[in-house]
Amino acid sequence: MDGKNFLAVDCGNSWYKALSSDDGYYLDYQLPNAISLYDEGFYEKPYDEGDIKFEENLIIELKSHAIIDKREIYYIGKAATKQRDVSLTGFNNQKVDEDRTYILLFGLAAFHAICTNPNETEIHYHIDQLAVSLPTTQYKEMKDKFRQRLIGTHTVIFHKVPGIAEPKELTVKLYVEDVIIGAEGACAYLGLTRDQETLVIKDDDLVKDSQKGIIIGDLGGDSVDFVGIKNNKPVASVEGETFGINQFLDNIIQKVSKNELYKFDSRAELEEKLAAGQSEWYVEPFAGVRKDISKYIIPQLKSMAIKYLEYFDRVRSSSSEIKGATRYIAVGGAAKLAQKQIQEVAVRWADRGRPIQLTFPENMEKLNVQGLMILAKMKQIKIEQENENLLSTRS
């Protein structure tokens, strides 16, 4: 697989997380799931362009067969969160049918291409394997359609790029040679059990536990995907639920705005504060005035933790394929943020005689994207082996 470019993207409702491997050299990125229409009339030119980070000023135009409207220009990621008309995800969003999916995904891929080719203004970047994920409920019916939209050539034009001469534009042509789609949760299992480099099994105990059954609860922004693993394979009948951290983040944002007169730019800003730890759970509505907001955060995280375990209990009771499961594993960025509250609620469940002993893996928020990278490499190996076999039969 020397000289090959792989890109794995976890298309989350809160964040797009990407892991790239260009000839074995790894980089990772994350981008808030936010877009906003660009308007030249309202564009605010920075006082000092040298202070602007490109990653926080992504303004793109996408020319692609994957989207309907090819004339619009968008802010994406952190740049979008600062706009008045920012668009965030809603419940039960259908990723394959929404333009925002491709705007964010190809925008992130093109940003990576620029990072690896910093001195060029027109870049041609080939992706040998693009691995992306879908929620379990959308995976079965939409994966083929998603693959067809992703494969092929896509052009991304970056506007108002800081640090380069007028017209301040960079163009990236993306050539997606092949695509593999993974199911959220099942990808996390791959990330847990296989080595990123060698692809061999690295956790024999977890694979053995899968003989009796494992349930993985992937808690994200707007959905929680439960995947049952039996005999080292996903059980397809375990479906996702429309429930995630975003509704609780929105409640916190509303309460802080009303009671402390502080307006968060976005859910992403609040999530970064939560991830930094309780010592950072304050806001400054006015210069020199600090307000503790933990009283708004903790009750919401507790409510989410209760609901999360209720869903876990419902899944383990209703699915015949994984009754008697011996391991329950929490994954996803939202589960990491609320780990303390989930563990506290789990103690009460044990006291009530229905124990749910959850495992919280290291890097649980990155397991899906790591599993996607493993999928991409495994598919490339399969292709190369098939080509070798074809050549040997002809000779």
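Everything that follows concerns the structure shown earlier in this document.
Residues numbered from 1 in each chain as written. Predicted model: local features only at pLDDT ≥ 70, side-chain atom pairs only at ≥ 80, totals over all residues. Heavy atoms only, no water.

Undergrad: Looking at this structure, I do not really get helix α2 (residues 99–116). What am I missing?
TA: Three- or four-residue spacings in an α-helix give side chains the same orientation, since the helix completes a turn every 3.6 residues. The end-to-end C-alpha distance of α2 is 26 Å, a good match for the 26 Å that 18 residues give at a rise of 1.5 Å each. Burial analysis of α2 places 16 of its 18 residues in the buried class, which makes it a mostly covered element. (Helix = DSSP H or I, 4+ residues; strand = E, 2+ residues; numbered from the N terminus. Expected span 1.5 Å × (residues − 1). Buried < 20%, exposed > 50% of the residue type's maximum accessible area, 1.4 Å probe, protein only.)

Undergrad: Would you mind going over unusual backbone geometry with me for this structure?
TA: Comment: phi is negative for the bulk of residues other than glycine, and the bulk of peptide bonds are trans. With an omega of 10 degrees, the peptide bond between Glu166 and Pro167 qualifies as cis. Along the chain, Pro167 falls in the loop between β9 (152–158) and β10 (170–176). Despite not being glycine, Leu199 has its phi angle at roughly 70 degrees, a positive value. Among the structural elements, Leu199 can be located in the loop between α4 (186–193) and α5 (204–209). With a phi angle near 55 degrees, Asn231 is a residue other than glycine that sits in the positive phi range. The partly exposed category is assigned to Asn231, whose relative accessible area is 49%.

Undergrad: Can you help me understand a nonpolar patch on the surface in this one?
TA: Taken together, the side chains of Leu261, Phe286 and Val289 present a nonpolar region at the surface, about 290 Å² in accessible area. The residue Val289 is located in strand β17 (residues 289–292) in this model. Using a relative accessible area of 30% as the deciding quantity, one classes Val289 as partly exposed. (Patch = residues over 30% accessible without salt bridge, like charges linked within 9 Å, V, L, I, M, F, W, Y side chains within 5 Å. Areas by Shrake-Rupley, 256 points an atom, 1.4 Å probe, with all protein chains shown as cover. Salt bridge = Lys/Arg side-chain N within 4 Å of Asp/Glu carboxyl O.)

Undergrad: Can you walk me through a positive patch on the surface in this structure?
TA: Side chains of Lys302, Lys340, Arg348 and Arg352 sit close together on the surface and give a patch of like positive charge. Checked against the element boundaries, Arg348 lands in helix α10 (residues 339–351). The partly exposed category is assigned to Arg348, whose relative accessible area is 44%. (Lys, Arg positive; Asp, Glu negative; His and termini not counted. Charge placed at Lys NZ, Arg CZ, Asp CG, Glu CD.)

Undergrad: Sorry if this is basic, but what is going on with the nonpolar core here?
TA: Within the largest apolar cluster, 59 residues are counted, with the highest numbers of intra-cluster contacts made by Tyr308, Ile342 and Leu358. A total of 10 residues in this core trace back to one element, the largest contributor, which is helix α8 (residues 294–318). The contacts of Leu358, once residues within four sequence positions are left out, are Tyr308, Leu309, Phe312, Tyr328, Ile329, Ala330 and Ile342. Within the second largest apolar cluster, 46 residues are counted, among which are Ile76, Leu150, Val161 and Leu174. (Core = buried A, V, L, I, M, F, W, Y, C linked by side-chain atoms within 4.5 Å. Contact = heavy atoms within 4.5 Å.)

Undergrad: Looking at this model, I keep getting lost on the side chain of Asn368. Mind explaining?
TA: By the element assignment, Asn368 lies in helix α11 (residues 367–394). Within polar-contact distance, the side chain of Asn368 engages the backbone nitrogen of Ala188 at 3.2 Å. (Polar contact = N/O pair within 3.5 Å; in protein donor to acceptor, adjacent residues only side chain to side chain.)

Undergrad: Help me understand the sheet that holds β10 in this model?
TA: Strand pairing within a sheet occurs via backbone hydrogen bonds; the two strands may be parallel or antiparallel. In spatial order, the strands read β4-β6-β5-β9-β10-β7; together these six strands make up an open sheet with mixed pairing. Of all strands in the sheet, those with a lone pairing partner are β4 (35–37) and β7 (122–127), marking the two edges. Sheet twist, expressed as the average angle between the axes of neighbouring strands with direction ignored, equals 30 degrees. Across three bridges, the pairing between strand β5 (residues 59–63) and strand β6 (residues 73–76) is antiparallel. Across the sheet, residue Ile59 finds its bridge partner in β6, namely Tyr75. (Pairing = 2+ DSSP bridges. Axes fitted to C-alpha atoms, helices over the stretch in contact; angles between N-to-C directions.)

Undergrad: Could you clarify how one ought to interpret the environment of Asp51 in this entry?
TA: Summarising the element assignment, Asp51 is placed in the loop between β4 and β5. On the accessibility criterion, Asp51 (59% relative accessible area) is exposed. Placed 111 residues apart in sequence, Asp51 and Pro162 show a C-alpha to C-alpha distance of 9.1 Å.

Undergrad: Honestly, the packing of α2 against helix α3 (residues 136–150) in this entry has me stumped. Any pointers?
TA: It is the contact of α2 with α3, at a shortest axis distance of 12 Å, that shows an interaxial angle of 50 degrees. With respect to α3, the axis of α2 lies oblique. Considering how the two elements wind past one another, α2 and α3 form a crossing that is right-handed. Across the interface between the two elements, Thr101, Tyr102, Leu105 and Phe106 of α2 pack against Phe146, Arg149 and Leu150 of α3. Within the contact of α2 with α3, the residues separate by chemical class into five nonpolar, one polar and one charged. (Parallel < 35°, antiparallel > 145°, perpendicular 65-115°, else oblique. Left-handed = near helix turned anticlockwise from the far one by under 90°. Nonpolar A, V, L, I, M, F, W, Y, C, P; charged D, E, K, R; others polar.)

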